[in-house]
Amino acid sequence: MTNLVIVEHDHNEIAAATLNAITAAQQIGGDIDLLVAGENCAGVAEAAAKIAGIATVKLADDTIFAHHLAENLASLIVEAAGSYSHVLVAATTYGKNVMPRAAALLDKAQISEIVEVKSADTFVRPIYAGNALATVQSSDSIKMITVRTISFEAAAAEGGSASIESISGDGDSGLSTWVSQAVSSNDQIDLTTARIVISGGRGMQSSDNFSMLQAVADKLGAAVGASRAAVDSGFVPNEYQVGQTGKVIAPDLYIAVGISGAIQHLAGMKESKVIVAINNDSDAPIFQVADYGLVADLFEAIPELEAAL
Amino acid sequence: MKILVCVKRVLDPQVKARVKADGSGVDLANAKMTMNPFDENALEEALRLREAGTAEEIIVVSIGGGKTEETLRHGLAMGADRAIYVVTDEVLEPLAIAKVLKAIVDREAPGLVLAGKQAIDDDSNQTAQMLSALLGWSQSTFISDLKIEGESATTIREVDAGLETIRVKMPTVVSVDLRLNEPRTLNLPDVMKAKRKPMDKIELDSLGLDTANRLTTLEVIEPEGRAAGVIVNSVAELVDKLRNEAKVI
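All of the points below concern the structure found in this document. The structure displayed is predicted, hence computed values, not measured ones. (Residues numbered from 1 in each chain as written. Chains lettered and ligands numbered in written order. Predicted model: local features only at pLDDT ≥ 70, side-chain atom pairs only at ≥ 80, totals over all residues. Heavy atoms only, no water.)

Structural notes on the overall build of chain B
Piece 1. When its secondary structure is counted, chain B shows 6 helices and 13 strands.
Piece 2. Projected onto its principal axes, the C-alpha coordinates of chain B cover approximately 65 × 45 × 40 Å.
Piece 3. Looking at chain B as a whole, 56% of its 249 residues qualify as buried.
Piece 4. Side-chain charges in chain B split into 32 positive and 40 negative, and the spacing between the mean points of these groups amounts to 2 Å. (Helix = DSSP H or I, 4+ residues; strand = E, 2+ residues; numbered from the N terminus. Buried < 20%, exposed > 50% of the residue type's maximum accessible area, 1.4 Å probe, protein only. Lys, Arg positive; Asp, Glu negative; His and termini not counted. Charge placed at Lys NZ, Arg CZ, Asp CG, Glu CD.)

In structure tokens, the structure reads:
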């Protein structure tokens, strides 16, 4: 087996999710190479070469990869994929955007968001918002895989000394151009890697009230998240969203405040180690998954919680 | 411009999926089915583009068997002009679906293809990207804003870090997220009118495509549930439990 893992990065740092995808590759077995594509990203390639157990880092350094546009990146993956049995990427919006495009160009199926490696050709993946787990066996010569990061530990970022080999792409597709990126307002602590997350739902009633959660988060060193209802109501931006269509996270402690617990929200947080629910509706489904439930008015309970910490 | 909107019939999002006792899949017999929610957003966007004069014709397409026609009629009632129903009893994987959709695009030559970013049954999140690849078109995924400007379109993508704006060449394939718009509700006259709108039925086999599945599902199981927790009576008790019992703070 030979694995190629696509490295997600912002030209400065390797995304933490990539280390989880590398662990999935380790479980498949065989050699692991990495692909770094970007512009002026030699530093990222050097960091990638230090990850434990990597054979070769393939570096495509070109202005056409500056913004990770799917068309150019997919063509590069297709060119690089030929000598591998498995191509993996973390199931982030970066991976989900490019991997199916590369898979289709190779005429291979994609196996989305694996949570377990059973063998080199058999994987477990969640379906129906995680309410069922399907074990699937692939007959393709190249397995194109996205990896659900919370299901795999992070690989060691240090200890390796891979060689770096330069490769070049197919040129610019000319199909799309990057315009701008809105800077995230959720710049405190990364939701996907935070040890503690406190999330608000529709019950928060307003954008201003989220500052109450932020105050608790500051005391706990936690990240702030939200349900889709809170995002749709305009209380917080989309990048806060936890759930089937947002981020899937598994912190040590997840505190759900004013969140009813729709199937779609549970899909994003039910693997958390400890779940706390604070809601004034004792019938809210969130209490069925909570380790500790507090039936209370959040506008009284949250300031009290902040004071008690 | 002609717009093709890809729609899928799925288990109603409010219904919890029940795994069959024999581990062969999810039990859909007698279950409430609906149009995939993201696909409704895709169709709504197409309708708005037609209302704004950017598009003239909207075609909804679906691939499946059973009562898939019902889902297409729903799309027609929302306002699509006509429907294409590719009939098969096989459950196709996203790659095969993309091949079928490419064949439809080749016939209809739309200027824009809209699809939901993922179907809420298999949660694959692949079809739009695969279709775009097979067509050699541009793609924008997970979008919450779309502006067509002649030969190009500007889209806002919902990405992990925030919002990304890109410009794509037309024709293009776009996968949409829920915040793009609020789909309209149906009224009875539109439902009645939809019954008379044209629907082309195409047998999958007649397209002559390789739609063989690459994955074999060996087993479908229900994940382990969480053990029931406890209700605490006060914030003080909660903090005590988190500190001394769960030891997470």
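After presenting the structure, the write-up continues.
Some thoughts on the nonpolar core
Piece 1. Membership of the largest hydrophobic core comes to 54 residues, with the highest contact counts inside it found for Ile6, Ile77, Val87 and Met144 of chain A together with Val86 and Val113 of chain B.
Piece 2. Look past the residues within four positions of Ile77 of chain A in its chain and what remains in contact with it is Ile6, Leu35, Val87, Val98, Ala102 and Met144 of chain A.
Piece 3. Counting residues in each nonpolar core, the second largest holds 44 residues, with Ile32, Cys41, Val44 and Ala109 of chain A among its members. (Core = buried A, V, L, I, M, F, W, Y, C linked by side-chain atoms within 4.5 Å. Contact = heavy atoms within 4.5 Å.)

Notes on the environment of Ser83 of chain A
Piece 1. In this fold, Ser83 of chain A is placed in the loop between helix H3 (70-81) and strand S4 (86-90).
Piece 2. Linking Ser83 of chain A and Leu4 of chain A, residues 79 residues apart in sequence, is a C-alpha distance of 9.1 Å.

Some points on a negative patch on the surface
Piece 1. On the surface, a cluster of negative charge is made up of Asp89, Glu90, Glu203 and Asp205 of chain B.
Piece 2. Looking at where Glu90 of chain B falls in the secondary structure, it is placed in the loop between strand S5 (82-87) and helix H3 (94-108). (Patch = residues over 30% accessible without salt bridge, like charges linked within 9 Å, V, L, I, M, F, W, Y side chains within 5 Å. Areas by Shrake-Rupley, 256 points an atom, 1.4 Å probe, with all protein chains shown as cover. Salt bridge = Lys/Arg side-chain N within 4 Å of Asp/Glu carboxyl O.)

Section: helix H2 (residues 42-49) of chain A
All names here are of chain A.
Piece 1. Within H2, burial applies to Val44, Ala45, Ala48 and Ala49. Burial along H2 is one-sided: seen end-on, the buried residues are contained in an arc of 140°.
Piece 2. Contacts made by the buried residues of H2 are with strand S2 (31-38), strand S3 (56-61) and strand S10 (163-166). (Arc of directions from axis to C-beta.)

A look at the interface of chain A and chain B
Piece 1. The interface of chain A with chain B comprises 83 residues on the first partner and 75 residues on the second.
Piece 2. Of all residues in chain A, Thr93, Tyr128 and Tyr292 of chain A bury the most surface against chain B, accounting for 12% of the area lost on that side.
Piece 3. Applying the counting criterion to the chain A and chain B interface returns 5 salt bridges.
Piece 4. The residue Arg214 of chain B makes a salt bridge to Asp140 of chain A at a minimum N-O spacing of 2.9 Å.
Piece 5. Run the count over chain A and chain B and you get 47 residue pairs in polar contact (both at pLDDT 80 or more).
Piece 6. It is helix H4 (residues 93-105) of chain A that provides the largest number of residues to the side of chain A that touches chain B, a total of 8 residues.
Piece 7. Considering only residue class, the side of chain A that touches chain B consists of 39 nonpolar, 26 polar and 18 charged.
Piece 8. Note: strand S11 (residues 176-182) of chain A against strand S9 (residues 162-169) of chain B, 6 bridges, orientation antiparallel. Counterpart to Ser180 of chain A in the pairing with S9 of chain B is Thr165 of chain B. (Buried area = accessible area lost by both parts, 1.4 Å probe. Polar contact = N/O pair within 3.5 Å; in protein donor to acceptor, adjacent residues only side chain to side chain. Nonpolar A, V, L, I, M, F, W, Y, C, P; charged D, E, K, R; others polar. Pairing = 2+ DSSP bridges.)

Quick look at the packing of aromatic side chains
Piece 1. Summed over all chains, the structure comprises 1 aromatic pair over all chains.
Piece 2. Between Phe210 of chain A and Phe235 of chain A the ring centres are 6.4 Å apart and the planes differ by 55°, which places this aromatic pair in the tilted class. Residue Phe210 of chain A is located in helix H5 (residues 210-220), and its partner Phe235 of chain A is located in the loop between helix H6 (228-232) and strand S14 (253-257); the two are separated by 25 residues in the primary sequence. Each member of the pair, Phe210 of chain A as well as Phe235 of chain A, is classed as buried.
Piece 3. Cation over ring: Lys117 of chain B sits above Phe142 of chain B, and NZ or CZ is 5.7 Å from the ring centre. (Phe/Tyr/Trp six-rings, centres within 6.5 Å; stacked < 30°, edge-to-face > 60°. Lys NZ or Arg CZ within 6 Å of the ring centre and 35° of its normal.)

Overview of the side chain of Glu158 of chain B
Piece 1. Tracing the chain through its elements places Glu158 of chain B in strand S8 (residues 152-159).
Piece 2. Excluding residues that lie within four positions of it along the chain, Glu158 of chain B makes contacts with Thr93 and Asn238 of chain A together with Phe142, Ser144, Leu163, Asp177 and Arg179 of chain B.

Topic: the packing of helix H8 (residues 298-308) of chain A against helix H6 (residues 235-245) of chain B
Piece 1. The interhelical angle for the contact between H8 of chain A and H6 of chain B, taken along N-to-C directions, is 50°, at an axis separation of 9 Å. In terms of their interaxial angle, H8 of chain A and H6 of chain B are classed as oblique. Crossing of H8 of chain A against H6 of chain B: the hand is right-handed. For the pair formed by H8 of chain A and H6 of chain B, the contact residues are Ala301, Glu304, Leu305 and Ala308 of chain A on the first element and Val235, Val239 and Arg243 of chain B on the second.
Piece 2. Considering only residue class, the contact of H8 of chain A with H6 of chain B consists of 5 nonpolar, no polar and 2 charged. (Axes fitted to C-alpha atoms, helices over the stretch in contact; angles between N-to-C directions. Parallel < 35°, antiparallel > 145°, perpendicular 65-115°, else oblique. Left-handed = near helix turned anticlockwise from the far one by under 90°.)

Things to note about the sheet that holds S14 of chain A
Piece 1. On the basis of which strands lie adjacent, the open sheet formed by 6 strands has the order S13(A)-S12(A)-S14(A)-S15(A)-S16(A)-S13(B) and parallel pairing. The strands lining the two open edges of the sheet, one partner per strand, are strand S13 (223-226) of chain A together with strand S13 (230-232) of chain B. Mean inter-strand twist for the sheet, computed between neighbouring axes without regard to direction, equals 25°.
Piece 2. By the bridge criterion, 4 bridges tie strand S15 (residues 274-279) of chain A to strand S16 (residues 292-295) of chain A in an arrangement that is parallel. The partner of Ile278 of chain A across the bridge, within S16 of chain A, is Leu294 of chain A.
Piece 3. Contacts between H8 of chain A and the sheet are confined to S14, S15 and S16 of chain A, with S15 of chain A contributing the most and set at about 130° to the helix.
Piece 4. The sheet contacts of H6 of chain B involve S14, S15 and S16 of chain A together with S13 of chain B, and relative to S16 of chain A the element is tilted by about 170°.

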